Every structure is written in structure tokens, then in C-alpha cells.
Amino acid sequence: MTSLDSDLMTDILKHCFPKAENIKIIRNILEDDSLSLHFTSSVTQLVVEYEQDHKIHQKKLIIKVPTSTPTFAIFESLNFFKREIGMYEKVIPRMNKYLDKTLAPAHLYTTDSQILVLEDLIARGFESGEKFQLLDLHQTKSGMKALSHFHAASHKLHLEDPNILDDLFTIHLGILEFRKKIINWGPIVLELLRRKNETHLIGIVEAAITFLKKDDDAMRAFLDRSKFKFLALNHGDARKVNFLYKYTSSSQVEAQLVDFQLSLWSSPLLDIIYFLISSASLNLIEFHFDDLINEYLDELNEKLIKINCPSTYTRSDFDTDLKALRFYLIYSVILSCSDVSPIDQKLIEDVFILAKADIKCLYDACLNDAKFVNIMHGRLKFCEKIFNNF
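Model, not experiment: these values are computed from the prediction. (Residues numbered from 1 in each chain as written. Predicted model: local features only at pLDDT ≥ 70, side-chain atom pairs only at ≥ 80, totals over all residues. Heavy atoms only, no water.)

The next thing to look at is the overall build of the protein. When helices and strands are counted, the protein shows 17 helices and 10 strands. Looking at the protein as a whole, 55% of its 390 residues qualify as buried. Summed over its atoms, the accessible surface of the protein is roughly 17,200 Å², and 48% of this surface lies on carbon and sulfur atoms. (Helix = DSSP H or I, 4+ residues; strand = E, 2+ residues; numbered from the N terminus. Buried < 20%, exposed > 50% of the residue type's maximum accessible area, 1.4 Å probe, protein only. Areas by Shrake-Rupley, 256 points an atom, 1.4 Å probe, with all protein chains shown as cover.)

Turning our attention to the environment of Ser41. Tracing the backbone shows Ser41 in strand β2 (residues 41-52). Residues Ser41 and Ile63, 22 residues apart in the sequence, show an inter-C-alpha distance of 9.8 Å.

Below, the discussion takes up the sheet that holds strand β9 (residues 253-257). If you trace the three strands from one edge of the open sheet to the other, you get β6-β8-β9, paired in antiparallel fashion. Strand pairing shows two members of the sheet lacking a second neighbour, β6 (127-128) and β9, which therefore form its edges. Relative to strand β8 (residues 243-247), β6 runs antiparallel, the two being bridged by two bridges. Its bridge partner being in β8, Ser128 is matched across the sheet by Leu244. Here helix α4 (residues 137-160) sits on the sheet in contact with β8 and β9, set at roughly 50 degrees to β9. (Pairing = 2+ DSSP bridges. Contact = heavy atoms within 4.5 Å. Axes fitted to C-alpha atoms, helices over the stretch in contact; angles between N-to-C directions.)

The subject of this paragraph is the confidence of the model for the protein. Parts of the prediction with low pLDDT should not have their coordinates interpreted in detail. Summary statistics for the protein give a mean pLDDT of 82 and a share of 82% for residues scoring 70 or more. In the predicted structure, residues 32-38 sits below a pLDDT of 50 and forms 12 contacts with residues beyond four places in sequence or in another chain. (pLDDT = per-residue confidence, 0-100.)

Let us now look at helix α8 (residues 199-212). For α8, built from 14 residues, the straight-helix expectation of 20 Å at 1.5 Å per residue is met to within 8% by its first-to-last C-alpha distance of 20 Å. Inspection of α8 places Leu201, Ile202, Ile204, Val205, Ala208, Ile209, Phe211 and Leu212 among the buried residues, and these make up the whole buried set. (Expected span 1.5 Å × (residues − 1).)

On to the environment of Ala280, then. Among the secondary structure elements, Ala280 is positioned in the loop between α10 (269-279) and α11 (282-306). Note: C-alpha distance between Ala280 and Lys240 (40 residues apart in sequence) is 8.4 Å.

For the rest of this paragraph, the subject is the nonpolar core. Residues Val205, Phe222, Phe275, Leu276, Tyr331 and Phe372 are the most contacted members of the largest nonpolar core, which totals 108 residues. For Phe222, the residues in contact, after removing those within four places along its chain, are Phe211, Lys227, Phe228, Ala324, Leu325, Phe327, Tyr328 and Tyr331. Among the nonpolar cores identified, the runner-up in size contains 16 residues, and Met9, Ile12, Cys16 and Ile63 belong to it. (Core = buried A, V, L, I, M, F, W, Y, C linked by side-chain atoms within 4.5 Å.)

Let's shift gears to unusual backbone geometry. Its identity is not glycine, yet Asn197 carries a phi of approximately 55 degrees, on the positive side. What makes Asn197 exposed here is its relative accessible area of 65%. The backbone phi angle of Asn308 is positive, close to 65 degrees, even though this residue is not glycine. Along the polypeptide, Asn308 turns up in the loop between α11 and α12 (315-324). On the basis of relative accessibility, which here comes to 63%, the residue Asn308 falls in the exposed class.

What follows concerns the packing of aromatic side chains. Geometrically, a pair of aromatic rings is defined through the distance of the ring centres and the angle of the planes. Evaluation of the coordinates by the stated rule reveals nine aromatic pairs. Each ring, one from Phe230 and one from Tyr313, has its centre 5.0 Å from the other, and the planes form 20 degrees; the classification is stacked. With Phe230 in the loop between α9 (216-222) and β7 (232-234) and Tyr313 in the loop between α11 and α12, the pair connects residues that are 83 residues apart, well separated along the chain. Classification of Phe230 as buried rests on a relative accessible area of 3%. Residue Tyr313 is classed as buried on the basis of its relative accessible area, which comes to 1%. The interplanar angle of 35 degrees and the centroid separation of 6.4 Å between the aromatic rings of Phe327 and Phe387 together place this pair among those described as tilted. One end of the pair, Phe327, is in helix α13 (residues 326-335); the other, Phe387, is in helix α17 (residues 370-388), and 60 residues separate them in sequence. On the basis of relative accessible area, Phe327 is assigned to the buried category, the value being 16%. Just above the ring of Tyr98 sits the side chain of Lys156; from NZ or CZ to the centre is 5.9 Å. (Phe/Tyr/Trp six-rings, centres within 6.5 Å; stacked < 30°, edge-to-face > 60°. Lys NZ or Arg CZ within 6 Å of the ring centre and 35° of its normal.)

Turning our attention to the packing of α10 against α17. α17 packs onto α10 with a crossing angle of 140 degrees between their chain directions and a minimal axis gap of 10 Å. On the basis of the axis angle, α10 is oblique to α17. Contacts between α10 and α17 involve Ile277, Ser278 and Ser279 from the former and Arg379, Phe382 and Cys383 from the latter. Along the lines of polarity and charge, the residues of the contact of α10 with α17 split into three nonpolar, two polar and one charged. (Parallel < 35°, antiparallel > 145°, perpendicular 65-115°, else oblique. Nonpolar A, V, L, I, M, F, W, Y, C, P; charged D, E, K, R; others polar.)

Dropping the structure here:
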């Protein structure tokens, strides 16, 4: 595992500031481990002061390195960190060029596929979506717009250079590995529904979990790209913590994406479903779902036309793909449990990775927490409405 020793830090600074003199680090903040236990990298924020052209400057950097957490040990063979480096080095710059805008922080430096240095968007007035409990309408629309641009540009890139995406972002066992988390959280969701006497929903969730336990070939068939009406590069973990927001006015919000370790080439519904289910308030998705989807499609198709793509994605095609991915609605709700849970993140990590935690403690804490119960019940009832349309 790479460590940020003095020699490596010196190498980073020389590369990022080749013409500067008197370079010094005036702040070095390692992200609290408790905030990143079930991720595969740790984040360090640097504030660097340097002299150039006889002037003193400051610049903020983000440095990501692989971690030694149990999560990384499981997912290391899937090259998640390499996937993210490939995104910042090869994919996002070309997508930015198509759109004439930036989709994510600028890539500044990479060494030996073990370290990633990025622009710190906080310096440009962005703030993490993590600080918001659940996203409001403006934030949700901004996130959907960012995803539509990301999906459109990736579709264009695949038309011009399919190998660049096929090499890095094929359907991978990373999604299949998340069955561990879903199966562990599934009993909590089922018990919640039993207490609410939701017989119909119990049947839907049980069917989804049973399907998830099938062999890998069945799961690959579920995610088979050939059956979808439209394909794009998915962010892969499109929840609010992986968006950065900047208010340009009282109602205008700009969003950018970060953390691309789970990106994959498939139906963009994987992003849209998970983003709405995990990040938006229940009232918002209940009352604005159709409008949000239609606005996403309008923005996507407008961008596709602007960047000279022959493809379009209609609402009818969207609904067809949604039916094919209906179980993913349930998976998205179950995956969102950990974001709502009142339990300490270390315990969640153990349940996800090792399944050695005090499961009863986790179950009781969640099921006795009114906020957790209300949010999860509401999300599941929303999924039930979607299922009833099929």
C-alpha cells in the first residue's frame, strides 16, 4: 500500500508545481478513517504555498491512495483504483472536450497506478453533497443534469473509441460482490416490512434477494448490455456523497462528480435509479419522478444532438429498460441502508465485509430508529408503485 512519505510528497510537489520556488505545505489533512472505512482509497487534502513570478500563491490538492481496509482486500483484484485513474487520465478529459465544460476535478498527477492527485474543487466554491441530509429539488435536478452530460459524452466517446471503455469498464464482478452487502441488509428490510404488514412488498423484496443469490452467469445475464435500448458509461456509485455542489444563484446549482472506482458501461438507469433512491427526499421522488426523468431525457438528447451523436433515448425506451432492471430498484434501496443507518460506520463495515459484527445489535438499532424506518419504508413503497406499473 502506498504511503505519503516525504520523498513521494516531494515528487508530487515538483510535478504539480514545476516552475515554482520555495514550495511548502501549510496544511495536510488526512480524511478521518471513520469516514472512509468501506471505500478502497483514503483522501488527503493539501494546502500548498509556493512562489512563482515573484508572487506568493496557494493551491489546494486532493491526494488519493489505496487503503488497507478489508474492502480493498476484497476488491483489489477488480482494479478499482486503476479504474479511477483511467477515468481521470484517459476518459474524462475527452468527455470534457466534447462538452466544452468540466465534469469532474482536474487530474494533476499519477504515479505507478498507486497515487492520484486531483484539483480540490472546494477552492472553487464547491461543497460535498455529503453535508446535505437529503437533496432538495434544485440539487436533485443539478445532479440529474450532471449525469445526463456524463452519459451523453461517454456515449459519444464509445462511438469514436469503443476500446477505451471496453478495456476499463466492462461488466465486472464488482457489482456481483455487492450481493454481500445486500444479502446482509436484506433481513433488516424484510423485518421492517413485516412490522408494517407489507405483504406485497415482502414478496417483491424476497424475489429480488433470491434472484441475487443466483450464480454469476445469471447476474451477468441480468446486466447484459445487449438488451438495453441505450448504453452509457455509468458513474457506478451515484449517491450524494459523490457529487460536489456549487450555488451560482439562489436556485441555480452546478454539480460535478467524484470517485469513479465503480464506473461501468451499461444502461444509464443504474445511475439514475441509485441517485434518486439513495439521495433525494421521498416527497421529491414521489411527486416529481416523471418530471425529473423527462428533464433528464431532454437534457441527454439535447447534448447528444449538440455533440453529433445519432442516438436518442426516448421515454418509451427508458420505461422498457426500467422494467428489465426492476430488481435494481430494490437493490438500490437495500444498498442505501448504510447511508441512513444510525449505527457506527465500523460496525457497518464489519457487516458488509466480514459478517462478524453483532448482527442483532445492528438490526435492533436500525429497526428501533424512527428516521431509518420511515425513510426505508418510504423508499420501498415508492418502488412498489413502480413495480405496479409493470
